[in-house]
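Results of the structural survey
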Amino acid sequence: MSLEEQVTLFIMIVFPLYLLSFTLYIIRAIRGPTIPDTVLAIDALSFDIAAFLALLSILYRSPILISCAVVLALWVYALDIYVSKYFEARDMGD
Amino acid sequence: MYVNETVVYIGEILVAIGVFCDLAASIGMLRFPNFYVRLHAATVGTIGGAFVPLIGIALIALGAEWLGTYRFFLAGASIITAIIIIILAPVGSHVLARATHKARLVKVEPKVVDHLEEDIKKKEGDKNA
């Protein structure tokens, strides 16, 4: 079995495990009792989607997807900062 | 002689470790009782579940001859994403935890002692006195 088929087979095995963990994160994001839970779940989920995109770009043999992973990692950080700034500012806004 | 095979195998091992960490983190996110305890699962999920597989993917991409010149784009971009994640993810979760504690949105449930709370009270005490 050539290296290419072996890597494609490996990625095919890893796919459902990634999708399973994504669904678990999404369940926590939906069910999360408080807002920080949801933000935390989306934070962890998006970083894993960034890794998943890199994996996809290997499978589909095209470098276009990988630029989206870089942007996604940066965007999630901005989400964290923005939400926590909102929590703190509202607290001091009395 | 077998450089490509070994690089790809090392990358695959890293991705396998990453997937395992990812699964453990997502199960942890569901099972843990409180936001503060879930922070552990989230950081395991981001560092173990995103940084480690990205390094593995960079190695796989470097060893993948059939990708041609694309493999260097993939390897470079995934290493950059990995560096971004290793720097930003801890900062993001720390900021979130601090804001949640400050805004008192989540009751500190399994609590033995809350030193941050004591420090805030002490600081407020000094301000009033």
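Above this text is the structure in question.
Residues numbered from 1 in each chain as written. Chains lettered and ligands numbered in written order. Predicted model: local features only at pLDDT ≥ 70, side-chain atom pairs only at ≥ 80, totals over all residues. Heavy atoms only, no water.

Time to look at the nonpolar core. Generally speaking, soluble globular proteins have nonpolar side chains that are buried together. Core analysis: the largest hydrophobic core is formed by 63 residues, its most contacted members being A:Tyr18, A:Leu55, A:Ile58 and B:Val15. Contributions of two or more residues to this core are made by α1 (3–31), α2 (35–59) and α3 (64–92) of chain A together with α1 (3–31), α2 (35–63) and α3 (70–102) of chain B. Among the elements that make up this core, the one with the highest residue count is α2(A) (15 residues). Setting aside anything within four residues of it in sequence, one finds A:Leu55 in contact with A:Ile11, A:Val14, A:Phe15, A:Tyr18, B:Val15 and B:Ile57. (Core = buried A, V, L, I, M, F, W, Y, C linked by side-chain atoms within 4.5 Å. Buried < 20%, exposed > 50% of the residue type's maximum accessible area, 1.4 Å probe, protein only. Helix = DSSP H or I, 4+ residues; strand = E, 2+ residues; numbered from the N terminus. Contact = heavy atoms within 4.5 Å.)

With that out of the way, let us pick up the packing of α1(A) against α2(A). Residues and elements named next belong to chain A. For the pair α1 and α2, the least separation of the axes is 10 Å and the interaxial angle reads 165°. The orientation of α1 relative to α2 falls into the category roughly antiparallel. Judged by the sense of rotation from one axis to the other, the crossing of α1 with α2 is left-handed. (Axes fitted to C-alpha atoms, helices over the stretch in contact; angles between N-to-C directions. Parallel < 35°, antiparallel > 145°, perpendicular 65-115°, else oblique. Left-handed = near helix turned anticlockwise from the far one by under 90°.)

Moving on: the pattern of salt bridges. This structure, assessed with the given rule, holds 6 salt bridges over all chains. A salt bridge links A:Glu4 to A:Arg61; the nearest nitrogen and oxygen atoms lie 2.7 Å apart. One end of the pair, A:Glu4, is in helix α1; the other, A:Arg61, is in the loop between α2 and α3, and 57 residues separate them in sequence. For A:Arg61, a relative accessible area of 30% translates into the label partly exposed. Across the pair A:Glu88 and B:Arg98 runs a salt bridge whose closest N-O atoms are separated by 2.4 Å. In this pair, A:Glu88 is assigned in helix α3 and B:Arg98 in helix α3, connecting two distinct chains. Since its relative accessible area comes to 15%, A:Glu88 is described here as buried. Each of B:Arg104, B:Glu117 and B:Lys121 takes part in one network of salt bridges that share partners. (Salt bridge = Lys/Arg side-chain N within 4 Å of Asp/Glu carboxyl O.)

Okay, α3(B) next. Residues and elements named next belong to chain B. Between its first and last C-alpha atoms α3 spans 47 Å; for 33 residues at 1.5 Å apiece the expected length is 48 Å, and the two agree. Along its length, α3 reaches its greatest deviation from straightness, about 30°, at leucine 88, and the proline proline 90 lies no more than four positions downstream. With its phi angle positive at about 55°, arginine 104 sits one or two positions after the end of α3. (Expected span 1.5 Å × (residues − 1). Bend = angle between axes of the 7 residues up to and from the residue.)

Residue and element names in this part refer to chain A. Going through the model one piece at a time under the given rule, you end up with 7 aromatic pairs over all chains. With a centroid separation of 5.3 Å and an interplanar angle of 85°, the aromatic rings of phenylalanine 22 and phenylalanine 52 are classed as edge-to-face. Placement of phenylalanine 22 in helix α1 and of phenylalanine 52 in helix α2 is noted, with a sequence separation of 30 residues between them. The burial state of phenylalanine 22 is the same as that of phenylalanine 52; both residues are buried. Through successive ring pairs, a cluster of aromatic residues spans Phe15, Tyr18, Phe22 and Phe52. (Phe/Tyr/Trp six-rings, centres within 6.5 Å; stacked < 30°, edge-to-face > 60°.)

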